[in-house]
Amino acid sequence: MGNRLSKITTRTGDAGTTGLGDGSRVPKISARIAAIGDVDECNSVIGVLLTCEIAPQVREMLIDIQHSLFDLGGELSIPGYAAITPAHIARLEEATQAINKDLPPLKDFILPGGTVATAHCHVARTVARRAERSVLALAQTETVNEPVRIYLNRLSDLLFVMARGISRDAGAPDVLWEKTRGK
């Protein structure tokens, strides 16, 4: 792998195509590359969140998620390859339930914000939703393993409750949507 990554500027993409993990080439504007890019962006936004002060157990969860997202991107880059399993989904569901059980019940919609870390977590949530939509678009024309689609859906759920937990840990209240405000 070291030799493969030692030359970054290859010029092989100058004609508007890029190589997949199986050696095939596809247009950079293909649904597969859009999905891979959105997953990569989600991973990057989580990386920004990790620069913030957050609880150690949340940090460890996010690092595990980054590794899973990298594997998920690898799965998307090699048609027919499977890396994400139901066990990945179960871990997200367990983490969501563990964080959510200690949060007060929601009675209103929440706006992104509160603390810098909370806001970054909300951005990661919205990018995960976009990645999910991109994967669903890809699945309209190509085979995508079901765990990939489910994983991204569960990830956005986890990031939502995680944002609330980060705010709680920082002593900041949820930023609630006010129905009549702005009218």
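See above for the structure.
Residues numbered from 1 in each chain as written. Predicted model: local features only at pLDDT ≥ 70, side-chain atom pairs only at ≥ 80, totals over all residues. Heavy atoms only, no water.

Caption draft 1: View of the overall build of the chain. In terms of regular secondary structure, the chain is built from five helices and four strands. Starting at the N terminus and walking to the C terminus, you meet the elements of the chain as β-β-α-α-α-β-α-α-β. The C-alpha extent of the chain, read off along each of the three principal axes, is 50 × 40 × 30 Å. A burial count over the chain gives 39% of its 183 residues as buried. Put simply, 71% of the contacts in the chain that link residues at least 6 apart link residues at least 24 apart. Computed over 21 positive and 21 negative side-chain charges, the inter-centroid distance for the chain is 5 Å. (Helix = DSSP H or I, 4+ residues; strand = E, 2+ residues; numbered from the N terminus. Buried < 20%, exposed > 50% of the residue type's maximum accessible area, 1.4 Å probe, protein only. Contact = heavy atoms within 4.5 Å. Lys, Arg positive; Asp, Glu negative; His and termini not counted. Charge placed at Lys NZ, Arg CZ, Asp CG, Glu CD.)

Caption draft 2: Representation of the packing of helix H4 (residues 116–139) against helix H5 (residues 146–170) in the model. Here H4 crosses H5 at 170°, and the two axes come no closer than 8 Å. It follows that H4 is roughly antiparallel to H5 by the angle criterion. (Axes fitted to C-alpha atoms, helices over the stretch in contact; angles between N-to-C directions. Parallel < 35°, antiparallel > 145°, perpendicular 65-115°, else oblique.)

Caption draft 3: Inspection of the nonpolar core at higher detail. One finds Leu62, Ile65, Leu69, Leu76, Tyr151, Leu155 and Met162 to be the most contacted residues of the largest nonpolar core, which totals 45 residues. Every element with two or more residues in this core is listed here: helix H1 (31–49), helix H2 (56–77), helix H3 (86–100), H4 and H5. The leading source of residues in this core is H5, at 10 residues. Setting aside its immediate chain neighbours within four residues, Leu155 contacts Cys42, Ile65, Leu69, Leu92 and Ala128. (Core = buried A, V, L, I, M, F, W, Y, C linked by side-chain atoms within 4.5 Å.)

Caption draft 4: Spotlight on H3. Between the first and last C-alpha of H3 there are 21 Å, a value that for 15 residues agrees with the 21 Å anticipated at 1.5 Å per step. Among all positions of H3, only His88, Ile89, Leu92, Ala95, Thr96 and Ile99 are buried. What you see down the axis of H3 is that its buried residues fit within an arc of 125°, all on one side. Opposite the packed face of H3, turned more than 90 degrees from it, sit the exposed residues Pro86, Glu94 and Gln97. Buried residues along H3 sit against H2 and H5. (Expected span 1.5 Å × (residues − 1). Arc of directions from axis to C-beta.)

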